[in-house]
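Letter by letter, the chains look like this.
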Amino acid sequence: MLKHYRIFLYMLLLSSSVIFLTNCRKKTLGNDNDTGIKKSDTTSYDLINFPKGSQPKEVGIKLTERFIGTKHSYWGNMNSTNTADLITYPDVCAWLGALWFTKSIGNGNLNNQLVDKFDLLFNKEKNLQPTLNPTASNKVDYYVFGAVPLEIYRTLKESKYMDLGLRYADGQWTLPSNASQSEKDWQNRNFSWQTRLWIDDMFMITALQSHAYLATKDEKYIERTAKEMALYLDELQRDNGLFYHAPSAPFYWGRGNGWMAVGMTEVLRMLPQDSRYNIYRTRIKEGYLRMMASLLKYQFSDGMWGQLIDDSSSWKETSGTAMFTYAMISGVKNGWLDNKTYGTAARKAWLSLITYLDSNNDIQNVCEGTGEKNDHQYYLDRKKLTGDLHGQAALLWCAYALSRPAEKN
């Protein structure tokens, strides 16, 4: 009798243990389906699926149509009382973004309209082609114009686009007769005579040279691109991964840093896989990763970044935010950045950015064109423009980055 009672107690305890362990397993796994395996929530860092009204293709088409239908800007400002006397870099950046985007989604109709708009510069609007060796000091802002015909050439293969683009690309390394001593010094060191060590200039030089490489496959252009980028990293990046506007302007201006973020991203995407480029790839990627990590620390809770990155009291600025977003989207898609950490930051920024679009598909809170100045308040007091192409272009870049497939370069 006692033996049977012990057996009964043993079986009872065994049964209770099985029930207890089963319940623990369900709680541990967070069972929400028949398999007992919890589904991973990827919503916060999903860079593919977006709510209606915020889908990259939808937004990108509206921005492209807006660009096609507008006049040439006066240094990006669409509402300026001045009319464009030459095509300058904000228009170039918007043109490139629209060409990239329409090609990525296979919209030949819009792509053709972008080409048609450019073709006017061969005849009716030829006077708007930037002159070589202008007297103005900001020569890079004019020469980058050559990137657009070089991008068009990659699709149409018509020599007129190649010829026009290479005039500017080769001109960046052809010392003019009236060159200053500083320009001669840079050229003697095998850098572009247009080098000034302003963070935005870096993008203007590398964008043109890299497009010359993509169009010609001549590696002298990508060699110039990588060497110039490494120079700017060595001279301007600070210990925290961010960049002063210039050595004489020790402030972390949003859009200025945006040019570096996008510039490094594009060079990393375009560098050939040949091992002789690894020295550049390693240097640029190290600078890129340091910058991305630092940017995470300064992102506002709604996904935006400030006019001055490290000043939490500064106003939220859209062009710089969009440039950082582009760099992070590209980093995730190329496998350089952790998809959960940076995908979350990029998605939050994109969803915040599109709330700044008005009924005309013009983005608000774009910092006006800004030269360097050693004055903190100067940056905070810059005008907030609507529809300025600095912002339109950067948002188009984001739509493009979100629309293209993962590259894993």
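**Digging into the packing of helix α3 (residues 89-104) against helix α16 (residues 389-403)**
Okay, step 1: Packing of α3 against α16 brings their axes to within 8 Å, and their N-to-C directions diverge by 20°. In this view, α3 runs roughly parallel relative to α16, as classed from their interaxial angle. As α3 runs across α16, the sense of the crossing is left-handed. For the pair formed by α3 and α16, the contact residues are Tyr89, Pro90, Asp91, Cys93, Ala94, Gly97, Ala98, Trp100, Phe101 and Ser104 on the first element and Leu389, His390, Ala393, Leu396, Trp397, Ala399, Tyr400 and Ser403 on the second.
Okay, step 2: Class assignment for the residues of the contact of α3 with α16 results in 13 nonpolar, four polar and one charged.

**Overview of helix α8 (residues 181-188)**
Okay, step 1: For α8, the full list of buried residues reads Glu183, Trp186 and Gln187. Buried residues of α8, seen end-on, are gathered within an arc of 100° and therefore sit on one face of the element. The exposed set on the far side of α8, more than 90 degrees from its buried face, consists of Gln181 and Asn188.
Okay, step 2: Of the surrounding elements, those touching the buried residues of α8 are α10 (219-236).
Okay, step 3: Positioned one or two residues after α8, asparagine 190 has a phi angle of 70°, which is positive.

**Description of the nonpolar core**
Okay, step 1: Core analysis: the biggest nonpolar cluster contains 122 residues, and Met291, Met292 and Trp397 have the highest contact counts within it.
Okay, step 2: Dropping the residues within four chain positions of it, tryptophan 397 is found in contact with Cys93, Gly97, Trp100, Phe203, Trp259, Val262, Met323 and Tyr326.
Okay, step 3: With nine residues, the next largest nonpolar core counts Phe251, Tyr378, Tyr379 and Leu380 among its residues.

The rules behind the values
Residues numbered from 1 in each chain as written. Predicted model: local features only at pLDDT ≥ 70, side-chain atom pairs only at ≥ 80, totals over all residues. Heavy atoms only, no water. Axes fitted to C-alpha atoms, helices over the stretch in contact; angles between N-to-C directions. Helix = DSSP H or I, 4+ residues; strand = E, 2+ residues; numbered from the N terminus. Parallel < 35°, antiparallel > 145°, perpendicular 65-115°, else oblique. Left-handed = near helix turned anticlockwise from the far one by under 90°. Contact = heavy atoms within 4.5 Å. Nonpolar A, V, L, I, M, F, W, Y, C, P; charged D, E, K, R; others polar. Buried < 20%, exposed > 50% of the residue type's maximum accessible area, 1.4 Å probe, protein only. Arc of directions from axis to C-beta. Core = buried A, V, L, I, M, F, W, Y, C linked by side-chain atoms within 4.5 Å.

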